[in-house]
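# Chain and residue survey
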Amino acid sequence: MDSPDENISSALGEYLASTRHLEHWVLAGKRSGNSLRFPLGARPARIASLPDGRRARLRAIAGAYSRIKPHRVHAHSFGAGVYVRLALNIPTDSIVYSPHCYDFERQDRTAAARFLNAACEYLLAPRADAVAVSNPREGQLAARLHRTGKIIHVPHVPHISTLDAMDVPPFATTGPTAVAMGPLIPQRDPAFFARAVATARSDTTWIWIGDGEPRYRRLLEDAGVCVTGRLPRRNMTRLLQTADVYVHTAAWEGSYDTLLQAATADLPIVARSIPALEILRIPGLADTPETLADTVLRLLSSPVDRRIHHEGVRRAFRYHTRATQSARLREIYESAR
């Protein structure tokens, strides 16, 4: 269903790869549909574009259900969840909803917008047979809203890139390296990262892999951070493999995508303390930029602390495997209330 969010596109690709035995249709807005990129191994899906306009989209979704009569209708994101649950010809016991981070958790929304989103989720909650959450924090929130439906954790899995021997890191570094990754947007809170860099010693190289809002790029570069801009995924993977610590400063989290990539690269993770990560019991979560910087420097200087920390990260993401994801999706798609 419709969303311009790259994380949702990535999740769709994962689900298609984990359910190759099933036939899928994907309905998406024109912009989202054109940007869908599914990984190798994913079963090809039939993609149909939704028209512009709320009423036209609602009619198109209801019409598509009448024509296709799928066993399950899986709505990805808040907007898709609203459209699908308002299409009254779609039976409740056919609907699966994945919020991919509840909108009322977003700190870049006004208090009024967050209240309205929460109210909408509460009112529409009965119109779903199952909620497929991507992390335990979403599961907690879903349990408060969906008191009668099934809540099933469908973990994301790390994207594995094939590295070309000719690829080289875009930065040559000589000392210890701390890396963050993701778009420069409010959700990632680059300002928190910049404040941490300001308190750390100068012989550590700090890199941000990604690009986005110019104001955040200027802020990071003024703090002495190397900002790579957008890179091919294989180069992002190569740069991660040359780093010593991965740093995550998101103000809220839904997919764990970059965290999983860092864990796959066997990096210790130093992250900001937020509900979505606290529930995983990731070690060494930091409440302040100063605490985050101290933890980074401690892991860079102590092999023993680094090893203990890394084992804690491995435990936190132990269920994020293709086998677990496939089993959970089978439970959702092949069952009925």
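So, how was this worked out
- Residues numbered from 1 in each chain as written.
- Predicted model: local features only at pLDDT ≥ 70, side-chain atom pairs only at ≥ 80, totals over all residues.
- Heavy atoms only, no water.
- Helix = DSSP H or I, 4+ residues; strand = E, 2+ residues; numbered from the N terminus.
- Contact = heavy atoms within 4.5 Å.
- Areas by Shrake-Rupley, 256 points an atom, 1.4 Å probe, with all protein chains shown as cover.
- Pairing = 2+ DSSP bridges.
- Axes fitted to C-alpha atoms, helices over the stretch in contact; angles between N-to-C directions.
- Buried < 20%, exposed > 50% of the residue type's maximum accessible area, 1.4 Å probe, protein only.
- Polar contact = N/O pair within 3.5 Å; in protein donor to acceptor, adjacent residues only side chain to side chain.
- pLDDT = per-residue confidence, 0-100.
- Right-handed = clockwise from strand over helix to strand, strands pointing away.
- Salt bridge = Lys/Arg side-chain N within 4 Å of Asp/Glu carboxyl O.
- Phe/Tyr/Trp six-rings, centres within 6.5 Å; stacked < 30°, edge-to-face > 60°.
- Lys NZ or Arg CZ within 6 Å of the ring centre and 35° of its normal.

Across its full length, the chain carries 14 helices and eleven strands. A sequence separation of at least 24 residues applies to 67% of the contacts in the chain between residues at least 6 apart. Put simply, the chain shows about 15,800 Å² of open surface, and 52% of that area lies on carbon and sulfur atoms.

It is worth spelling out the sheet that holds strand E10 (residues 245-248) at this point. Pairing is parallel in the open sheet, where five strands are placed in the order E9-E8-E7-E10-E11. The open sheet terminates on both sides in strands that have one partner only, identified here as strand E9 (226-227) and strand E11 (269-271). Strand direction decides the pairing type here: E10 and E11, joined by three bridges, are parallel. For Val247, the partnering residue across the bridge sits in E11 and is Val270. Packed onto the sheet, helix H7 (residues 190-199) meets strand E7 (177-181), strand E8 (205-209) and E10 and runs at close to 170° relative to E8.

So, about the sheet that holds strand E5 (residues 130-133). Spatial ordering of the open sheet is given by E3-E4-E5-E6, a layout of four strands whose pairing is parallel. At either margin of the open sheet sits one strand with a lone partner, and together these are strand E3 (73-76) and strand E6 (150-153). Strand-to-strand twist across the sheet, computed as the mean angle between neighbouring axes with direction ignored, equals 25°. Bridge count for E5 against E6 is four bridges, and the pairing is parallel. Its bridge partner being in E6, Ala130 is matched across the sheet by Lys150.

Attention now moves to the side chain of His248. Looking at where His248 falls in the secondary structure, it is placed in strand E10. Looking at His248, the relative accessible area reads 2%, which means it is buried. A polar atom in the side chain of His248 sits 3.3 Å from the side chain of Tyr246. Residue contacts for His248: discarding those within four places in its chain leaves Arg188, Glu253, Thr258, Leu259, Val270, Ala271, Arg272, Leu277 and Leu292.

Attention now goes to the confidence of the model for the chain. The predicted model of the chain has a mean per-residue pLDDT of 87, with 89% of residues at 70 or higher. pLDDT under 50 marks residues 162-166. Its contacts with residues more than four places away, or in other chains, come to eight contacts.

With five of five residues buried, E7 lies mostly within the body of the structure. Side chains of E7 alternate between two faces, with Thr177, Val179 and Met181 and Ala178 and Ala180 buried alike. Two strands pair when backbone bridges link them, and E7 and E8 are joined in this way by five bridges, in the parallel orientation. Bridge assignment links Ala180 to a residue of E8, and that residue is Trp208. One crossover worth recording links E7 to the parallel E8 by way of H7, and it is right-handed. In this sheet, E10 lies alongside E7 in parallel orientation, the contact comprising two bridges. Residue Val179 lies in a different strand from E10, and its bridge partner there is Tyr246.

With respect to burial, E8 is a largely interior element, four of its five residues being buried. One crossover worth recording links E8 to the parallel E9 by way of helix H8 (residues 214-222), and it is right-handed.

Moving on, we come to the pattern of salt bridges. For the structure on display, the rule yields 14 salt bridges. Between Arg46 and Glu23 there is a salt bridge, with its nearest N and O atoms 3.6 Å apart. Pair noted here: Arg46 is in strand E2 (residues 46-50) and Glu23 is in the loop between helix H1 (6-18) and strand E1 (25-29), with a separation of 23 residues, a long-range link. For Arg46, a relative accessible area of 48% translates into the label partly exposed. The closest approach of N and O atoms between Arg85 and Glu121, which form a salt bridge, is 3.2 Å. Of this pair, Arg85 sits in helix H4 (residues 78-86) while Glu121 is found in helix H5 (residues 111-124), placing the two residues 36 residues apart along the sequence. Grouping residues by exposure puts Arg85 and Glu121 together as buried. Taken together, the shared-partner salt bridges connect Arg72, Asp129 and Lys150 into one network.

With that settled, the discussion passes to the packing of aromatic side chains. The tally for this structure, following the rule as stated, stands at four aromatic pairs. With centroids separated by 5.2 Å and ring planes inclined at 85°, the aromatic side chains of Phe193 and Trp208 adopt a geometry described as edge-to-face. Taken together, the residues span a long stretch of sequence, with Phe193 in helix H7 and Trp208 in strand E8 at a distance of 15 residues. For the ring pair Tyr256 and Phe317, a centre distance of 5.8 Å and an interplane angle of 75° mean the geometry is edge-to-face. Residue Tyr256 is found in the loop between E10 and helix H10 (257-264), and its partner Phe317 is found in the loop between helix H13 (303-316) and helix H14 (322-333); the two are separated by 61 residues along the sequence. Clustering of aromatic rings is evident, with ring pairs tying together Phe193, Trp206 and Trp208. Across from the ring centre of Tyr97, 4.0 Å away, lies the NZ or CZ of Arg85, which sits over that ring.

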